[in-house]
Amino acid sequence: PPTPPAPQTLSHLATHPDPRYQTGTGFLAWMGRRDEVFATLESDLEGANPLSTLRQLAIGYRLLANGDFERAIQQAKNALALEPQSADAWAILSVAYRQLGREERAFQAFLRTQRLLGSTPGEIEELKSVVKGSGLQGLWRYHLDHNQQDYPYHRPDLIACSYTKLGEIDKAFEWLARAWALPLWGSENSPLSWVWDPLRSDPRFEQLLREQNLPEKVIQRHLQVR
């Protein structure tokens, strides 16, 4: 069937239910419906084709976005069993390991990702030097410097994420405002994402939510997430 036209605004979609849009985890995450997000993921896991690398990766990314790091790792490993040279799978492993405090594994997975994406030996050595000098925290600064050079071709939510991890909160909010002004309604950049937990108690977070014209009950869900 033809793809339905995208709604003009997120607030319109929130206040005018349309079953064609109600089943995606991106929309559910934006609405703060965490239980339904995980129920959908459980259903997807049960029905996933075990021989489809793309399907395994898609679920892995959604598990990662929703903070289920251990299962995201398992999904990435499932994908690697099918396609050992999958940069996406190694990227999932890198982020998940980092969030679980397994920094050496995270960095090795990160290097594997960069090699598969075409980084030169010289660039790999530069990354090793960055980490040797300032740890994994230095990678956020490194990526931030490079990503901002590519803006507007690089997603502003990723720049906001880097600033958040560096603890530069004013800059994080500046870029998050740009991100949420765009129609990127995925789980990874929704207000429900664990990435924004360091920002959640700041009054500016609520202000940004209200600028999305979300229903009050949705705003309250996001403010209560910890």
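Described in the following lines is the structure provided in the data block.

A few points about unusual backbone geometry
For Asn213, which is not glycine, the phi dihedral falls at a positive 60 degrees. You can see Asn213 is positioned in the loop between α12 (203–211) and α13 (216–224).

Details of the nonpolar core
Ranked by size, the top nonpolar core spans 61 residues in total, and within it Leu93, Leu139, Leu176, Trp180, Trp196 and Phe205 carry the most contacts. Aside from chain neighbours lying at most four places away, what touches Phe205 is Phe173, Leu176, Trp180, Pro191, Trp196, Leu199, Arg200, His222 and Leu223.

Some points on the pattern of salt bridges
Counting across every chain of the model gives 14 salt bridges. Salt-bridge contacts for Glu103 lead to Arg98; the nearest nitrogen and oxygen are separated by 3.3 Å. Residue Arg98 is classed as partly exposed on the basis of its relative accessible area, which comes to 23%. Residue Arg141 is joined to Glu168 by a salt bridge in which the shortest nitrogen-to-oxygen separation is 2.1 Å. With a gap of 27 residues between them, Arg141 in helix α9 (residues 137–150) and Glu168 in the loop between α10 (156–166) and α11 (169–180) connect regions that are remote in the sequence. Note on Glu168: relative accessible area 27%, which makes it partly exposed.

Considerations on the packing of helix α4 (residues 53–65) against helix α5 (residues 69–82)
Between α4 and α5, whose axes approach to 8 Å, the crossing angle comes to 160 degrees. Considering their axes alone, α4 and α5 lie roughly antiparallel with respect to each other. The handedness of the crossing between α4 and α5 comes out as left-handed. Residue-level contacts link Thr53, Gln56, Leu57, Ile59, Gly60, Leu63 and Leu64 of α4 to Phe69, Arg71, Ala72, Gln75, Asn78, Ala79 and Leu82 of α5. In terms of residue class, the contact of α4 with α5 is built from 8 nonpolar, 5 polar and 1 charged.

Considering the packing of aromatic side chains
Enumeration according to the criterion identifies 4 aromatic pairs in this entry. Between Trp30 and Trp180, the aromatic rings sit 5.4 Å apart at their centres with planes inclined by 65 degrees, giving edge-to-face as the arrangement. Here Trp180 lies in helix α11 and Trp30 lies in helix α2 (residues 25–30), a separation of 150 residues in the sequence. A ring pair is formed by Trp180 and Phe205, whose centres lie 5.6 Å apart and whose planes are at 70 degrees; its orientation type is edge-to-face.

Conventions and cut-offs
- Residues numbered from 1 in each chain as written.
- Predicted model: local features only at pLDDT ≥ 70, side-chain atom pairs only at ≥ 80, totals over all residues.
- Heavy atoms only, no water.
- Helix = DSSP H or I, 4+ residues; strand = E, 2+ residues; numbered from the N terminus.
- Core = buried A, V, L, I, M, F, W, Y, C linked by side-chain atoms within 4.5 Å.
- Buried < 20%, exposed > 50% of the residue type's maximum accessible area, 1.4 Å probe, protein only.
- Contact = heavy atoms within 4.5 Å.
- Salt bridge = Lys/Arg side-chain N within 4 Å of Asp/Glu carboxyl O.
- Axes fitted to C-alpha atoms, helices over the stretch in contact; angles between N-to-C directions.
- Parallel < 35°, antiparallel > 145°, perpendicular 65-115°, else oblique.
- Left-handed = near helix turned anticlockwise from the far one by under 90°.
- Nonpolar A, V, L, I, M, F, W, Y, C, P; charged D, E, K, R; others polar.
- Phe/Tyr/Trp six-rings, centres within 6.5 Å; stacked < 30°, edge-to-face > 60°.

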